[in-house]
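Report on the structure
The residues making up each chain are set out below.
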Amino acid sequence: MRIIFLGPPGAGKGTQSAWLLDHLRVPHLSTGDMLRSAVTEGGPLGQKVAQYLSAGQLVPDEIVVELVRERLTKPDCRAGCLLDGFPRTLGQARALDEILAKAGVPLDLVLELVVGEPQLLARLAGRGRSDDLLEIVRQRLDIYRDRTSPLLDYYRQQGILRSIDGTGSPASVRAQINEVVDRTRAAK
Ligand code: AMP
């Protein structure tokens, strides 16, 4: 199964992707993790992306797409993967479709975790963030709304979008995800 996990910062993707990976037993493709380790390694790529990461801005599509292309062609991804934090723009979504079409494999499911902005801000403020950090969070929410939320229509048109109410307890969100994933798997 190839699954994309979509949702704004603070929606609970981290918590839910941990058990989903365990359930599916597929590799976790997190572009955030890949970019952070590039920065830690400190090579030319890391130097190029460091400023985007610290400013909470999106890294240019061509850089992220190349990272994902390279990762997706590794043998462990043949049976599937969980894409987390990618794609984040329409350009990335189209590039992903091309990569998968070339490999002759389908995208099975796009899971959207839905949590409203006021609740996201309340959750993040509840974690005791400083005003500076809240400003960055707000900016990341704006970026999600402007650049990433158009993907919802894109995948809705492909008929593979499933939206999940992310406002309940982690266990209830998990149960909903479980049901959608198992139903999709059974239909394959
Ligand atoms: P994340 O851990 O997914 O929240 O990503 C952390 C940061 O990495 C983001 O704020 C962006 O600066 C960058 N990043 C991660 N994934 C992408 C992506 N698909 N496109 C552009 N930038 C990304």
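Sequence order sets the numbering: in each chain, residues are counted from 1 along the sequence as written. Only residues with pLDDT of at least 70 are given local features in this predicted model, and only at 80 or more are side-chain atom pairs given and counted; all residues enter the totals for whole chains, interfaces and linings. Side-chain numbers here rest on the full set of heavy atoms in the structure, without hydrogens or water.

All right, on to the overall build of the chain then. Strands here mean DSSP runs of E at least two residues long; helices mean DSSP runs of H or I at least four residues long; both are numbered from the N terminus. When you go through the chain residue by residue, the secondary structure sums to nine helices and five strands. Throughout, radius of gyration means the C-alpha value; the globule benchmark is 2.2 Å times the number of residues raised to the power 0.38. Relative to a compact globule of 188 residues, whose C-alpha radius of gyration would be 16 Å, the chain shows 16 Å and is just as compact. Taking the principal axes of the C-alpha coordinates as reference, the chain spans close to 45 × 40 × 30 Å. Buried means the residue's accessible area, taken with a 1.4 Å probe over protein chains only, is under 20% of the maximum for its type, while exposed means over 50%, and partly exposed covers the values in between. Per-residue burial over the chain gives 44% buried out of 188 residues. Nonlocal contacts in the chain, meaning residues at least 24 apart in sequence, comprise 78% of its contacts between residues at least 6 apart. Any pair of residues with heavy atoms lying within 4.5 Å of one another is described as a contacting pair.

With that settled, consider the site of the ligand. Note on definitions. A residue lies near a molecule or strand when any single heavy atom of the residue is within 4 Å of it. If you check the shell around the ligand, you find 15 residues, and the closest are Thr31, Gln57, Gly85, Gln92 and Arg140. A distance of 3.0 Å separates an oxygen atom of the ligand from a polar side-chain atom of Arg36. For this analysis, a polar contact is any N or O atom pair within 3.5 Å, provided that within protein one partner can donate a hydrogen and the other can accept it, and provided that sequence-adjacent residues contribute only side-chain to side-chain pairs. Interatomic distance of 2.5 Å between a side-chain N/O atom of Arg140 and an oxygen atom of the ligand. For accessible areas, the Shrake-Rupley method is used with a probe of radius 1.4 Å. Any residue's cover is judged against the shown protein chains and nothing else. Taking 480 Å² as the accessible area of the ligand by itself, protein coverage stands at 89%.

This next bit is on the pattern of salt bridges. Salt bridge, as used here: a side-chain nitrogen of Lys or Arg that lies within 4 Å of a carboxyl oxygen of Asp or Glu. A complete count under the given rule lists twelve salt bridges for this structure. For Arg71, the salt bridge is made with Asp76, and the minimal N-O distance between the two is 2.8 Å. Exposure remark for Asp76: the relative accessible area of 40% places this residue in the partly exposed category. A salt bridge links Asp142 to Arg145, with the shortest nitrogen-to-oxygen separation between them at 3.0 Å. With Asp142 and Arg145 both in helix 7 (residues 131–148) and three residues apart, the pair spans about one turn of that helix.

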